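Coordinate analysis (summary)
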Amino acid sequence: MTQNKRPFKYIALLLIGFLTTETLIAQTAPSEIPLLDFVKRSDYLDIKISPDGKHAAARIRENDAVYMFFTRLSDGELIGGVRPGSENEVASMHWASNKRIIYTFAEKRSGYDAAIPTGELFGTDIDNKSNKMLAGFRASDRKVGSKMVSKKDAYATHQLLHVLPNDKKNVLIIEYPWSQSSGGWYDRREKFPVVSKMNVVTGRKTRSETIPYRGARVFANNDGVVTLATWSDDSVSRKAVYRESKDQPWEDISSSLDTENSSLTPVSINKDGSKIYLTGAVGEKKIRSLFELELASKKVSRVFDNRFELDFWKNDLNGEPVVGTSYPGLHRYSYSLTNADSALLKQHKKLQKAFAGQEVQIQTYSHDGKRLILKVSSGTNPGEYYLYNTETNKADFLWANYSWIDPRTLASVKPISLNARDGQELHGYLTVPKEGHKNNNALVVLPHGGPHGVRDYPDYNSEVQILANRGYSVLQINFRGSDGYGKHFEQAGYRKWGKVMVDDVLDATQWAIEKGVADKDRVCIYGASYGGYSALMSAVKAPDLYKCTIGYVGVYDLEAMKTKGDIPIGFRGRSYLEKVLGSDTADPKAQSPLTHAAKIKAKVMLIHGDEDRRVPSYHSKKMRSALKKAGNPAEWLYLADAGHGAFSVENRSEVYQRVLKFLDENIGGR
């Protein structure tokens with residue numbers, strides 16, 4: 001493994017007068033950035049500091065592979081690392097001690113364009129000693145002709161559950177046994193999970209217990225006792241149980257606890273096991289917030305006074321949430337009402353002032369809380385990492401994500417709001433090419449995928465920046481059904497994929513035209529997955545609004561979703577589809593672009609991968625045939641070795657070259 005040559009440049013953070021990336025943007029003239037710079041994937045993915053604060057473990061992408069390396073923070077010296085084979089990935093990593101890392105692996109396999117998690121656990125010392133598989137379906141150390149074995153193959157997905165602070169030799173893990181059918185093994189979460197202690201060097205496991213709830217997510221205290229479990233039942237409703245000790249029976253808490261008429265779902269437990277944290281939807285809009293349950297007193301308190309949906313939060317050294325983040329438009333912070341004296345909370349308040357205009361996330365910290373890893377980002381900053389010393393109030397610059405792109409050359413992402421035709425307030429983002437680009441008021445509307453539990457954020461988006469750099473304004477709208485604006489807002493999209501959810505996209509497009517952002521004759525719509533569905537269905541419902549529409553790995557036959565692809569065979573997949581699409585055959589058919597191909601006037605481009613298992617290429621092939629029959633043949637890009645979205649740099653380059661060419665031919669952004 002070669003050492004990264006970027007030096008760890010020292011930066012003093014005096015927490016006043018900090019010159020942000022946003023301040024520098026206006027100083028750089030616009031230029032056409034090479035397409036390859038955008039389609040190459042992020043170089044630095046994440047970084048975690050060791051418990052003693054002396055070392056860092058980081059995952060880095062290079063040539064479609066993800067490897068892990070370890071550095072000494074005092075001088076930035078590379079001391080070790082793990083490089084998987086070509087196109088394979090180190091998928092996650094966790095410090096088990098000051099010198100040992102537990103990590104997971106994803107493997108490139110035939111029939112899949114992206115690396116697939118193997119469900120195995122590995123361990124290595126930071127000097128590369130004792131690097132071995134600890135648990136998984138290939139973990140057995142049995143030798144030919146020998147009956148001696150300390151670990152066996154286990155056909156299950158293994159996850160690290162807890163790094164036990166009082167046990168230097170073991171960690172707590174959970175196994176989700178696989179199901180076998182049609183000659184293969186599948187992680188369907190149909191069986192009861194198993195909790196075990198695992199030796200971090202040998203992989204030897206000692207079974208602790210079986211959790212009597214299928215697919216349950218569990219939480220343990222510092223002593224390794226599982227005290228909390230939460231899972232989804234067959235109707236995709238969340239359930240939860242709690243117990244004080246392993247010898248006590250499980251007690252239901254999901255229905256007995258209630259605040260502001262909203263049931264609460266457990267999401268974490270603090271380190272000493274005295275408090276449970278639960279999410280719940282509150283207020284008229286049913287906005288997601290966080291609550292604290294003190295087990296001794298049974299008192300329930302709201303942690304954050306957030307007026308907008310809580311998307312993320314950060315825990316302090318005691319495992320108690322102290323900083324919450326919402327995105328009504330740009331990021332907005334909330335601070336703990338129950339733990340206002342937290343040192344981490346106070347540090348974040350200082351840091352967010354220093355990096356004004358950008359989002360500051362505390363990624364990880366040493367066990368004494370004196371050294372923090374920060375990530376600073378914005379729509380034009382893909383992410384800069386700093387090592388912050390809380391005692392000296394200074395920071396070392398570690399590295400910048402997408403290090404080959406100058407943030408000053410990127411287009412700013414601005415929050416917008418508008419009212420839909422029925423008065424519903426909608427939020428989204430508008431990205432306009434930097435001053436100096438000739439854009440001719442050409443607009444690309446970019447509905448997101450998902451669609452539920454997903455939303456657009458004001459962070460760096462390579463697809464948005466590609467379009468803006470080539471002269472197109474980009475409109476992203478969080479239509480009804482999106483996450484982030486309350487439970488009622490999301491549920492308003494259930495069974496209305498082609499109705500109100502598409503109407504919101506159309507209303508946002510009209511808003512952009514009326515505001516002078518776009519020339520009414522220079523508008524196209526482009527999306528992937530559900531976004532591809534929305535792009536085609538928008539062209540069905542408003543035939544004269546868009547000059548072109550691009551569907552990328554899109555769903556075009558809603559009825560086929562119930563029988564084709566991996567959702568129906570996945571964990572609770574059929575229940576999910578029943579909830580969001582309904583059981584009436586006629587209605588999904590009426591909301592399918594395939595049914596209405598003859599209504600589409602816009603020029604159409606369809607992109608799909610042969611190896612797509614989420615949305616099989618059946619959808620695009622049927623849509624292509626229907627458009628041809630209607631006299632509107634589609635531009636066609638079929639990728640033989642791609643799945644649900646192009647993964648390789650080569651395929652991504654081809655997709656965006658063709659997309660840009662198609663847009664230029666129809667609305668000419670440059």
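Going by the structure above, here's the rest.
Now for a look at the structure at hand. (Residues numbered from 1 in each chain as written. Predicted model: local features only at pLDDT ≥ 70, side-chain atom pairs only at ≥ 80, totals over all residues. Heavy atoms only, no water.)

**Overview of the pattern of salt bridges**
- Counted by the stated rule, this structure contains 29 salt bridges.
- Notably, a salt bridge pairs Glu107 with Arg138, separated by 3.3 Å at the nearest N-O pair. Of this pair, Glu107 sits in strand S7 (residues 100-107) while Arg138 sits in the loop between strand S9 (132-135) and strand S10 (156-163), and the two are 31 residues apart along the sequence.
- On the basis of relative accessibility, which here comes to 37%, the residue Arg138 falls in the partly exposed class.
- Salt bridges sharing partners connect three or more residues here, namely Arg421, Asp503, Asp507 and Lys541. (Salt bridge = Lys/Arg side-chain N within 4 Å of Asp/Glu carboxyl O. Helix = DSSP H or I, 4+ residues; strand = E, 2+ residues; numbered from the N terminus. Buried < 20%, exposed > 50% of the residue type's maximum accessible area, 1.4 Å probe, protein only.)

**Some points on helix H4 (residues 462-469)**
- Burial of H4 is extensive: 8 of the 8 residues sit out of reach of the surface.
- Residue Asn461 occupies the N-cap position of H4, its side-chain oxygen lying 2.9 Å from the main-chain nitrogen of Glu463.
- One or two residues past the end of H4 sits Gly471, with phi positive at roughly 100°. (Polar contact = N/O pair within 3.5 Å; in protein donor to acceptor, adjacent residues only side chain to side chain.)

**What to know about the sheet that holds strand S24 (residues 287-294)**
- In spatial order, the strands read S22-S23-S24-S25; together these 4 strands make up an open sheet with antiparallel pairing. Bordering the open sheet on either side are strand S22 (265-269) and strand S25 (299-302), each of which pairs with just one other strand. Here the strands of the sheet are splayed against their neighbours by 35° on average, with no regard to which way each runs.
- Judged from the 8 bridges that link them, strand S23 (residues 275-282) and S24 form a sheet pairing that is antiparallel. Directly across from Lys275, in S24, lies its bridge partner Glu294. (Pairing = 2+ DSSP bridges. Axes fitted to C-alpha atoms, helices over the stretch in contact; angles between N-to-C directions.)

**Quick word on the sheet that holds strand S11 (residues 170-177)**
- Within the open sheet, the 4 strands sit side by side as S10-S11-S14-S15. Their pairing is antiparallel. Each edge of the sheet is formed by a strand with only one pairing partner; in this case those strands are S10 and strand S15 (205-210). Neighbour-to-neighbour, the strand axes of this sheet turn through a mean angle of 30°, independent of strand direction.
- Bridging between S11 and strand S14 (residues 194-199) involves 6 bridges; their strand directions are antiparallel.

**Structural notes on the pairing of S22**
- Where burial is concerned, most of S22 is hidden: 5 out of the 5 residues are buried.
- Note: S22 against S23, 4 bridges, orientation antiparallel. Counted as the bridge partner of Thr265 is Thr279 from S23.
- Where S22 folds back on S23, the antiparallel hairpin that results is connected by 5 residues, among which Gly273 adopts a positive phi of roughly 75°.

**Notes on the side chain of Ser617**
- Assignment of secondary structure puts Ser617 in the loop between strand S39 (603-609) and helix H10 (618-629).
- Every residue in contact with Ser617, bar those within four places of it in the chain, is listed here: His608, Gly609 and Tyr638. (Contact = heavy atoms within 4.5 Å.)

**Some details on the nonpolar core**
- Ranked by size, the top nonpolar core spans 56 residues in total, and within it Leu443, Leu475, Trp497, Ile600 and Leu606 carry the most contacts.
- Per-element accounting of this core gives the leading share, 9 residues, to helix H6 (residues 500-514).
- Look past the residues within four positions of Trp497 in its chain and what remains in contact with it is Pro451, His452, Val502, Tyr530, Tyr533, Leu558, Met561, Tyr576, Val580, Leu581 and Gln591.
- Among the nonpolar cores identified, the runner-up in size contains 36 residues, and Tyr402, Val474, Cys548 and Ile607 belong to it. (Core = buried A, V, L, I, M, F, W, Y, C linked by side-chain atoms within 4.5 Å.)

**Some details on the environment of Arg421**
- Locating Arg421 in the fold gives a position in the loop between strand S33 (413-419) and strand S34 (425-431).
- By relative accessible area, Arg421 is classed as exposed at 55%.
- Between the alpha carbons of Arg421 and Leu121 there is a distance of 52 Å; along the sequence they are 300 residues apart.
- Ignoring anything within four residues of it in the chain, the contact list for Arg421 reads Asp503, Leu506 and Asp507.

**Details of the packing of H4 against helix H11 (residues 649-667)**
- One can describe the packing of H4 onto H11 by two numbers: an axis separation of 11 Å at closest approach and a directional angle of 40°. Regarding the angle of H4 to H11, the classification is oblique. Crossing of H4 over H11 shows right-handed handedness. Touching Ser462, Glu463, Ile466 and Leu467 of H4 are Arg652, Tyr656, Leu660 and Leu663, all from H11.
- Its residues assigned to classes, the contact of H4 with H11 shows 5 nonpolar, 1 polar and 2 charged. (Parallel < 35°, antiparallel > 145°, perpendicular 65-115°, else oblique. Left-handed = near helix turned anticlockwise from the far one by under 90°. Nonpolar A, V, L, I, M, F, W, Y, C, P; charged D, E, K, R; others polar.)

**Some details on the packing of aromatic side chains**
- This model, assessed by the stated rule, comprises 24 aromatic pairs.
- Their ring planes at 20° and their centres at 5.3 Å tell us that Tyr103 and Phe122 sit as a pair that is stacked. Of the two residues, Tyr103 is situated in strand S7 and Phe122 in strand S8 (residues 116-125); the sequence distance between them amounts to 19 residues.
- Relative accessible area serves as the criterion here: at 5%, Tyr103 is assigned to the buried category.
- We classify Phe122 as buried; its relative accessible area is 12%.
- Geometrically, the ring pair formed by Tyr402 and Tyr460 is tilted, given 5.0 Å between the ring centres and 55° between the ring planes. Here Tyr402, found in the loop between strand S32 (394-400) and S33, pairs with Tyr460, found in the loop between strand S35 (443-445) and H4; they are 58 residues apart in sequence, far enough to count as distant.
- Judged by its relative accessible area of 12%, Tyr402 falls in the buried class.
- Joined through ring pairs, the aromatic side chains of Phe137, Tyr155, Trp178 and Trp185 make up one cluster. (Phe/Tyr/Trp six-rings, centres within 6.5 Å; stacked < 30°, edge-to-face > 60°.)

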